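Reading the structure
Spelled out, the chains give:
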Amino acid sequence: MRIGVPKETKTLEGRVALVPEAAGDLVKRGHEVWIEKDAGIKSGFKDEQYSRLGVHIAPDAAALYEKGELIVKVKEPIAGDLALLRKDHLLFCYLHLAPEPALTKRLLDIGLTGVAFETVELENGELPLLAPMSVIAGKIAVQVGTHYLHQPMGGKGKLLGGLPSTERGKVVVFGAGMAGGASAALAAAGGSNVVVFEKRQDRMEAMMRLGNNVTALYPYDDLVAKEVAAADLVIGAVLVTGAVAPHVITRQMMEDMEDGSVLVDISIDQGGCFETSRPTTWKEPTYVEEGVTHFCVTNMPGAVPQTSSQAICAAILPWVNKLASGSWRDNAALVKGINVEAGKLVHPALQDMKL
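Quick summary incoming for the structure in this document. (Residues numbered from 1 in each chain as written. Predicted model: local features only at pLDDT ≥ 70, side-chain atom pairs only at ≥ 80, totals over all residues. Heavy atoms only, no water.)

What follows concerns the side chain of glutamate 76. Inspection of the secondary structure puts glutamate 76 in the loop between strand E4 (70-72) and helix H4 (79-82). The exposure class assigned to glutamate 76 is buried, which follows from its relative accessible area of 12%. A polar contact is formed between the side chain of glutamate 76 and the side chain of lysine 10, at a distance of 2.8 Å. (Helix = DSSP H or I, 4+ residues; strand = E, 2+ residues; numbered from the N terminus. Buried < 20%, exposed > 50% of the residue type's maximum accessible area, 1.4 Å probe, protein only. Polar contact = N/O pair within 3.5 Å; in protein donor to acceptor, adjacent residues only side chain to side chain.)

Shown next as structure tokens:
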């Protein structure tokens, strides 16, 4: 099969779906692999690294989409991509369609088959292609939260880990999955007092094992309001596979937070889990509501493209090979990943979507 890897065009997105070694492996398996010129530059990979492994270099996006049958990219297609996608394309990338009715309608109008990384689901419910980016986003959430707590950035001027003679900072995390777990682990290792809200008993137990400065709680409304009011940094990492994220913090709760506190919404690519969340980009990453800095960048892992590209590629390569083999519809996990096909909404989480 002819596999096409376009350059990512989302604002300040630096990732590439296939690193050179992975593209070379696909060539060895008999596939014809094309990559758009300079698609890997921001991740540290030059065209020569691809071409020496038998990968073809397309001069521009139009040529790339013309050659490709299976289009493998990182983020959802935007205007330039949508103009070049065809009905016969098999699209494999992060789609996050639930909060994006306009994008969903465009894909339905095109009529292609779209398999989303984030909804490829194993029998045990695990989401193997979402996991690596979730971990990276979870770590970035603590890093950027720490940064925006600095007074020159508009923060309250709090050092999260504290030191002798000062109080420790407080971090509240919603969700103890891959993203929330990574946030809690990094915040705890840095010395913060960490509260994780989670409903699953096994994940609460895992969070408690991170250290004596970690508390895991069930998200009762009154308890959530109390802990959020006292927080310096709040991280939202709530996921309902393929669906819009539920709101776990209301504007009223936020009014009780101290000015200069920070919210980081990892769930923003699924609509956001705070009532006051709205999508931002790395170019303009923050805004202030109720005196609280909001960081709601929809492609957080794009800030560390070399690490992210290596991580996502290692996760998706076996699945790319299955898709390219032509006999992928007997694979239950990939079939679960189908979001749109032949002008129809396929994934159950999208069935009630208003277009």
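Along the chain, leucine 334 falls in helix H12 (residues 332-336). Leucine 334 sits 22 residues away from isoleucine 312 along the chain, and the two C-alpha atoms are 16 Å apart. Ignoring any residue separated from it by four or fewer positions in sequence, one finds leucine 334 in contact with Phe92, Val115, Val120, Trp319, Lys322, Leu323 and Trp328. (Contact = heavy atoms within 4.5 Å.)

Once that is clear, we can look at the sheet that holds strand E13 (residues 292-295). Strand pairing in a sheet relies on backbone hydrogen bonds. The paired strands run either parallel or antiparallel. Strand order in this open sheet of seven strands is E9-E8-E7-E10-E11-E13-E12, and the pairing throughout is mixed. The sheet is open, and its two edges are formed by strand E9 (214-217) and strand E12 (286-289), each paired on a single side. Recorded for the sheet is a direction-independent mean angle of 20 degrees between the axes of neighbouring strands. The pairing of strand E7 (residues 170-174) with strand E10 (residues 233-236) spans four bridges and is parallel. Bridged to phenylalanine 174 within E10 is glycine 236. Contacts from helix H8 (residues 201-208) reach strand E8 (193-197) and E9 within the one sheet, and its direction differs from that of E9 by about 170 degrees. (Pairing = 2+ DSSP bridges. Axes fitted to C-alpha atoms, helices over the stretch in contact; angles between N-to-C directions.)

Another aspect to go through is the packing of aromatic side chains. The final tally for this structure, using the stated rule, is six aromatic pairs. The interplanar angle of 80 degrees and the centroid separation of 4.8 Å between the aromatic rings of tyrosine 94 and phenylalanine 117 together place this pair among those described as edge-to-face. Of this pair, tyrosine 94 sits in the loop between strand E5 (90-93) and helix H5 (101-110) while phenylalanine 117 sits in the loop between strand E6 (113-116) and helix H6 (131-148); the two residues are 23 residues apart in sequence, bridging distant segments of the chain. Here tyrosine 218 and tyrosine 220 contribute two aromatic rings whose centre-to-centre distance is 4.8 Å and whose plane-to-plane angle is 45 degrees, an arrangement assigned as tilted. Looking at tyrosine 218, the relative accessible area reads 35%, which means it is partly exposed. Of the residues examined, tyrosine 220 reaches a relative accessible area of 54% and is grouped as exposed. (Phe/Tyr/Trp six-rings, centres within 6.5 Å; stacked < 30°, edge-to-face > 60°.)

What follows concerns the layout of surface pockets. Considering only enclosed or pocket space, the largest pocket measures out at about 1,200 Å³ in volume. Around the largest pocket, the lining comprises 50 residues; the ones closest to its centre are Gly175, Gly177, Ala237, Val238 and Leu239. When contributions to the lining of the largest pocket are tallied by element, the ones reaching two or more residues are H6, helix H7 (178-189), H8 and helix H9 (221-229). Residue contributions to the lining of the largest pocket peak at four residues, all from H6. Each residue belonging to the lining of the largest pocket can be placed in one class, and the counts come to 26 nonpolar, 13 polar and 11 charged. For the second largest pocket, the lining is made up of 17 residues, of which Lys10, Glu76, Glu100, Pro279 and Thr298 are closest to its centre. (1 Å grid on protein atoms, 1.4 Å probe; cavity = no way out; pocket = protein on both sides within 12 Å on 5 of 7 lines; lining within 4 Å. Points joined across faces, edges and corners; volume = space filled by probe spheres on them. Nonpolar A, V, L, I, M, F, W, Y, C, P; charged D, E, K, R; others polar.)

Here H6 contains 18 residues, and its C-alpha end-to-end distance of 26 Å stays within 8% of the 26 Å for a straight helix at 1.5 Å per residue. Of all 18 residues in H6, 13 are buried, a share of seventy percent or more. (Expected span 1.5 Å × (residues − 1).)

Here we take up the pairing of E12. Burial along E12 is one-sided: Tyr287 and Glu289 are buried, while Thr286 and Val288, pointing the other way, are not. With four bridges connecting them, E12 and E13 associate as antiparallel partners. Residue pairing for E13: threonine 286 is matched across the bridge by phenylalanine 295. Here E12 hands over to E13 after two residues, with glutamate 290 in that stretch at a positive phi of 55 degrees.

Distances and angles like these do not, on their own, reveal function.
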